[in-house]
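Coordinates in review
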Amino acid sequence: MREHDIQRLADIVIERSGPLQKPVGVVLGTGLGEFAEDVTQATVIGYADLPGFPKPGVEGHSGRLVLGRIGNRDVAVLQGRTHYYERGEIFAMKAPLRALRAIGCETLLLTNAAGSLLEAAGPGSVVLIRDHINMTGVSPLFGEPGSRRFVDMVDAYDPALCERFVAIAERERVTLHQGVYAYFCGPNFETPAEIRAARVLGADVVGMSTAPEVIMARSLGMCVAALSVITNYAAGTDTEALSHEHTMRNAALALRDVRRLLIQFLSEA
Ligand code: HPA
């Protein structure tokens, strides 16, 4: 998308929502869409009304941009994401993220559903992502012109934002694990051998999203933090069979904790 297409997107959004004061961007992962109900004075725009936005094709992702307020902050909530595995487009979330940046988002909070390699973090747990390993070898910045593509990924998960989440979790008595997210492209779940390999490489959780979004957000200069909701122990580490239905059901177990963390974060932002 060209710069003036992005500006047009931003104009459409602002025309509908009214002016926003440095909104915080939030991306809601599988089964976490309900969080959008916490937005007050909400303006809801379907992705279909936003040129260049993807058409979400995964159950649990509704495809709406919700603008409004949570606590003291203006927010722009992407309720539903598109994944690399849907059409083989690693940059599927580029237009939504560029639109958020264009309406003034400097901070982006991402959520996802993930499998756990941490024994202590079972289904229903929340894990703060501190770093990632891109197991696909594919970057959403392929073909990006200019020097913006050479993004420094040290501290991509902003340490100051992470520390704020840790402090909020302690205060709110929410158990918040921390770890490294291994990004697999999916849509199949991993093999037990892949999980053993990921463990050797330093992974604590595995999932099929988020990492490309973090790379794009960093290239746009946004500060990022990400929370994983654990829906299952990773393949081969438990006897339970994995399925999307199972992911959606178990994401609901952690919804309350994630909601608390996000609302507190936004209330004091
Ligand atoms: N692997 C990859 N993605 C996931 C998983 C998993 O085990 N659980 C939820 N999303």
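Above this text you will find the structure in question.
The numbering scheme is per chain: residues are counted from 1 as the chain's sequence reads. With the structure being a predicted model, the display of local features is reserved for residues of pLDDT at least 70 and the display and counting of side-chain atom pairs for 80 or more, all residues being used for whole-chain, interface and lining totals. Note: side-chain values were computed over all heavy atoms of the structure, leaving out hydrogens and water.

This part takes up the overall build of the protein. Put simply, DSSP H or I for four residues or longer makes a helix, DSSP E for two residues or longer makes a strand, and each gets a number counted from the N terminus. If you tally the helices and strands in the protein, you get 7 helices and 9 strands. For the radius of gyration, the atoms used are the C-alpha atoms, and the globule rule reads 2.2 Å times the number of residues raised to 0.38. What you see for the protein is a C-alpha radius of gyration of 17 Å, in line with the 18 Å of a compact globule of 269 residues. In terms of principal-axis extent, the alpha carbons of the protein reach across some 50 × 40 × 35 Å. For every residue, the accessible area obtained with a 1.4 Å probe (protein chains only) is divided by the maximum for its type, and the residue is called buried under 20%, exposed over 50%, and partly exposed between those limits. Counting over 269 residues, the protein shows a buried share of 54%. Exposure was quantified through the Shrake-Rupley algorithm and a 1.4 Å probe, taking into account, for residues, occlusion by the shown protein chains and nothing else. As displayed, the protein has an accessible area near 11500 Å², and 50% of this comes from carbon and sulfur atoms. Residues counted as positive are Lys and Arg, residues counted as negative are Asp and Glu, and His and the chain ends are not counted. A charge is said to be at NZ when it belongs to Lys, at CZ for Arg, at CG for Asp and at CD for Glu. Positive and negative side-chain charges in the protein, numbering 26 and 31 respectively, have mean positions lying 4 Å apart.

Our next topic: the site of the ligand. We call a residue near a molecule or strand as soon as one heavy atom of that residue lies within 4 Å of the molecule or strand. Close to the ligand lie Ala113, Ala114, Gly115, Phe189, Glu190, Val206, Gly207, Met208, Thr231, Asn232 and Thr247, which account for all nearby residues. Pairs of N or O atoms are called polar contacts if they sit within 3.5 Å, as long as, within protein, a hydrogen donor faces a hydrogen acceptor (for residues adjacent in sequence, only side-chain-to-side-chain pairs). Here Thr231 contributes a side-chain N or O atom positioned 3.4 Å from a nitrogen atom of the ligand. For the ligand, a nitrogen atom lies 2.6 Å from a polar atom in the side chain of Asn232. In isolation the ligand has 260 Å² of accessible area, and contact with the protein removes 96% of it. Here the ligand occupies the largest pocket. Contributing elements (two or more residues each) for the shell around the ligand: β5 (107–116), β8 (205–207) and β9 (223–233). At 3 residues, the largest contribution of residues to the shell around the ligand is made by β5. Of the residues in the shell around the ligand, the class split is 5 nonpolar, 5 polar and 1 charged. Space inside and on the surface of the protein is sampled on a 1 Å grid over the protein atoms alone, with a cavity defined as a set of points where a 1.4 Å probe fits but cannot get out and a pocket as an open set with protein on both sides within 12 Å along at least 5 of 7 lines; lining residues have an atom within 4 Å of a point. A molecule is said to be in a cavity or pocket once over half of its atoms fall within 2 Å of that pocket's grid points. For this scheme, ten residues count as nonpolar: Ala, Val, Leu, Ile, Met, Phe, Trp, Tyr, Cys and Pro. Four count as charged, namely Asp, Glu, Lys and Arg, and the remainder, Gly too, count as polar.

Attention now moves to the pattern of salt bridges. Every case where a carboxyl oxygen of Asp or Glu lies within 4 Å of a side-chain nitrogen of Lys or Arg is listed as a salt bridge. Under the criterion given, the structure shown has 13 salt bridges. With its nearest N and O atoms 3.2 Å apart, the salt bridge here joins Arg148 to Glu144. Each of Glu34, Asp38 and Arg259 takes part in one network of salt bridges that share partners.

Moving on, we get to the nonpolar core. Buried Ala, Val, Leu, Ile, Met, Phe, Trp, Tyr and Cys residues that are joined via side-chain atoms within 4.5 Å together make up what is termed a nonpolar core. In this structure, Leu65, Leu78, Ile103, Leu109, Phe165, Leu227 and Leu261 are the most contacted members of the largest nonpolar core, which totals 79 residues. At 8 residues, helix α7 (residues 244–267) tops the list of elements feeding residues into this core. Ignoring any residue separated from it by four or fewer positions in sequence, one finds Ile103 in contact with Ala10, Val13, Ile14, Leu20, Pro23, Leu67 and Ala76. In this structure, Leu117, Ile195, Ala198 and Ala235 belong to the second largest nonpolar core, which totals 9 residues. The contact definition used throughout considers only heavy atoms, calling two residues in contact when any of these lie within 4.5 Å.

Grid points are joined across faces, edges and corners, and a volume is the space filled by probe spheres set on the points. A volume near 300 Å³ is recorded for the largest pocket. Every residue lining the largest pocket is counted, 21 residues in all, and those nearest its centre are Ala113, Phe189, Met208, His244 and Thr247. Those elements giving two or more residues to the lining of the largest pocket turn out to be β5, β8, β9 and α7. Broken down by element, the lining of the largest pocket gets its largest block of residues, 4 residues, from β5. Class assignment of the residues belonging to the lining of the largest pocket gives a composition of 7 nonpolar, 12 polar and 2 charged.

Axis definition: a line fitted to C-alpha atoms, limited for helices to the stretch in contact. Angles are taken between N-to-C directions and run from 0 to 180 degrees. For the pair helix α1 (residues 3–17) and helix α3 (residues 94–102), interaxial distance at closest approach is 9 Å and the crossing angle is 70 degrees. By the angle between their axes, α1 is roughly perpendicular relative to α3. In this structure, α1 meets α3 at a crossing whose hand is right-handed. Every residue of α3 that contacts α1 at Glu3, Ile6, Leu9 and Ala10 is listed here: Ala95, Arg98, Ala99 and Ala102. Split into classes, the residues belonging to the contact of α1 with α3 amount to 6 nonpolar, no polar and 2 charged. Oblique is the label for any angle not under 35 degrees, not over 145, and not in the 65 to 115 range, which are roughly parallel, roughly antiparallel and roughly perpendicular in turn. What makes a crossing left-handed is the near helix being turned counterclockwise from the far one by less than a right angle; a clockwise turn instead makes it right-handed.

Looking now at the side chain of Arg73. By secondary structure assignment, the location of Arg73 is in strand β4 (residues 73–79). We note that Arg73 is buried and unpaired, the nearest opposite charge coming from Glu106 at a distance of 6.8 Å. A distance of 2.4 Å separates the side chain of Arg73 from the backbone oxygen of Lys22, its partner in a polar contact.

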